[in-house]
Amino acid sequence: MELIILIIIIVLVWRHFKKKRTRQETERQNAAAAQQTATQQTQQTAARQTVIQQVQRPVNRRAVTQQTQQPVSQPDPPIQKQEPTPLELTEEQSAEADAFLTQAANLFREGKREESYALAEKFALDDSCPYQAIAQGVCGDYFDVLGDKEQAAQWYIKSAEGGCVQSQSELASYYAHGTGVPQDSKKTVYWMTKAAEGGEPDSQLGLASRYEQGIGVPQDDAKAFYWLGKAANQGQSYAQYKYALYFNGEHKGVPKDDEKRLLWLTKAAEGGVVTAQGLLGSMSYLGEGAPQDTEKALFWLQKAADGGDEDAASVLELIHSLGG
């Protein structure tokens, strides 16, 4: 009887993994679009939040260690322009930029939106301001929150050309979806690459997905793996999940490594990625690719089930029915 129950569990878990494999393939086809959509949805959600939450968006997103404004030789398209030269702000300049962002945030929170924008615009139009590109990005955020995407796009273009990594990421999303500007795959890849090179983790994930699927760029698993690693090491949870899958021995040029797969899968699960939680739970229950640990398996399967993973819920129900 115990042997029959064990066989049933193995078959059901095998079916669970098979479904996971199918879903992973679907994710490969949709990851790039999903990431870009998530970015756009985040923007839309912010527009519906309170004034305090709205104003925290530009403040929190724009670290004063960003690249500063450099002259550009031509107006448009940005691909033909002089490459932005990354420069770090001095300690004094960083303090000044931080004070500016705080002041603009306070004005916005107090309902003084026009005054907040006027302050940002003052520095955005000042070519001598070392953090001009950051101020331009804040202007873009202002119009983005208000729903004026065309005006936001113009400010993002200026800021991105000045080297602001966050604005480069925003602009890539704008071009990808045709938000405020005509949809343009080449410009999407261009600005996504600039943001990824500047250390923006969501753009690194997006670029990895494009290389993985060959969307707007030649298909290249090596580059996909490279950018996933960059994003994963910065704590991007979904990138950590995707990165973990590269160590399953099925990707050319990446040797099978159960230790690394478990490491990154655990990080992704801890970061709230439901598919990672379900997979980690199944691996822990079977003792395949992870130490056998029923308690840990039940913990992660429950997390995944609570997050909407139907496969994890089914496996969890079966285990409980057998006294697990």
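Residues numbered from 1 in each chain as written. Predicted model: local features only at pLDDT ≥ 70, side-chain atom pairs only at ≥ 80, totals over all residues. Heavy atoms only, no water.

Some remarks on the overall build of the protein
This is how it is decided: The secondary structure listing takes helices from DSSP runs of H or I that are at least 4 residues long and strands from runs of E that are at least 2 residues long, numbered from the N terminus. Between buried and exposed lies partly exposed: a residue is buried under 20% and exposed over 50% of the maximum accessible area for its type, with that area taken using a 1.4 Å probe on protein chains only. Only heavy atoms matter for contacts: two residues are in contact if any of them lie within 4.5 Å across the pair. Here, Shrake-Rupley sampling with a 1.4 Å probe gives the accessible areas, and only protein chains in the shown set may cover a residue.
Within the protein, the secondary structure is distributed over 15 helices and zero strands. Here the protein, with 324 residues, has 47% of them falling under the buried criterion. Restricting the contact set of the protein to residue pairs at least 6 apart, pairs at least 24 apart contribute 56%. By element, 51% of the accessible surface of the protein is carried by carbon and sulfur atoms, the whole surface being about 15,800 Å².

Notes on the packing of helix H6 (residues 149-161) against helix H7 (residues 165-177)
Relative orientation and spacing of two packed helices are given, respectively, by the angle between their axes and the distance between those axes. For clarity, the cut-off: Axes here mean lines fitted to C-alpha atoms, for a helix over just the part in contact, with angles spanning 0 to 180 degrees between N-to-C directions. For classification purposes, angles smaller than 35 degrees are called roughly parallel, those larger than 145 roughly antiparallel, those between 65 and 115 roughly perpendicular, and all remaining angles oblique. We call a crossing left-handed when the near helix sits turned anticlockwise from the far one by less than a right angle, and right-handed when that turn is clockwise. Residues are sorted three ways: Asp, Glu, Lys and Arg are charged, Ala, Val, Leu, Ile, Met, Phe, Trp, Tyr, Cys and Pro are nonpolar, and all the rest, Gly among them, are polar.
Look at H6 against H7: their axes get within 9 Å of each other, and the N-to-C directions meet at 135 degrees. The angle between H6 and H7 places the two elements in the oblique class. As H6 packs across H7, the resulting crossing turns out to be left-handed. Here Lys-149, Ala-152, Ala-153, Tyr-156, Ile-157, Ser-159 and Ala-160 of H6 come into contact with H7, specifically with Ser-167, Gln-168, Glu-170, Leu-171, Tyr-174 and Tyr-175. For the contact of H6 with H7, a count of residues per class yields eight nonpolar, three polar and two charged.

So, the environment of Leu-262
Residue placement: Leu-262 occurs in helix H12 (residues 258-270). Exposure remark for Leu-262: the relative accessible area of 22% places this residue in the partly exposed category. If we ignore the near neighbours within four places in the chain, the residues touching Leu-262 are Leu-280, Gly-289, Ala-290 and Pro-291.

Concerning the pattern of salt bridges
Going by this rule: The term salt bridge refers to a side-chain nitrogen of Lys or Arg lying within 4 Å of a carboxyl oxygen of Asp or Glu.
Inspection of every chain in the model, using the stated rule, returns five salt bridges. Residue Lys-256 is joined to Asp-258 by a salt bridge in which the shortest nitrogen-to-oxygen separation is 3.2 Å. Residue Arg-261 pairs with Asp-258 through a salt bridge whose shortest N-O separation is 3.6 Å. Pair noted here: Arg-261 and Asp-258 are both in helix H12, with a separation of three residues, about one helical turn. Look at Arg-261 and you get buried, because its relative accessible area is 16%. The structure contains a network of salt bridges with shared partners spanning Lys-256, Asp-258 and Arg-261.

Regarding the nonpolar core
Put simply, the test is: Take the buried residues of types Ala, Val, Leu, Ile, Met, Phe, Trp, Tyr and Cys, join any two whose side-chain atoms come within 4.5 Å, and each joined set is a nonpolar core.
With 65 residues, the main nonpolar core has Phe-100, Tyr-131 and Leu-265 as its most contacted residues. Sequence-distant contacts of Phe-100, that is, excluding residues within four places in its chain, are made with Leu-119, Ala-120, Phe-123, Tyr-131, Ala-135 and Val-138. Of all hydrophobic cores here, the second largest spans nine residues; its members include Ala-297, Leu-298, Leu-301 and Ile-319.

Notes on helix H14 (residues 294-306)
Which entries qualify depends on this criterion: By this rule the span expected of a helix is its residue count minus one, scaled by 1.5 Å. Polar contact is defined as a pair of N or O atoms within 3.5 Å, subject to the rule that within protein one atom must be able to donate a hydrogen and the other to accept it, and that residues adjacent in sequence are counted only when both atoms are side-chain atoms.
Under the 1.5 Å per step criterion, the end-to-end length of H14 is 18 Å for 13 residues, consistent within 8% with the ideal 18 Å. The complete set of buried residues in H14 reads Ala-297, Leu-298, Trp-300, Leu-301 and Ala-304. Looking at the buried residues of H14, the elements they touch are H12, helix H13 (274-286) and helix H15 (310-321). At the N-terminal end of H14, a side-chain oxygen is found 3.2 Å from the backbone nitrogen of Glu-295, two or three residues along, and the residue is Asp-293. At the C-terminal side of H14, Gly-308 shows a positive phi close to 105 degrees.

Observations concerning the side chain of Asp-309
Looking at where Asp-309 falls in the secondary structure, it is placed in the loop between H14 and H15. Its relative accessible area of 4% is what places Asp-309 among the buried residues. At 3.0 Å, the side chain of Asp-309 and the backbone nitrogen of Asp-311 are in polar contact.

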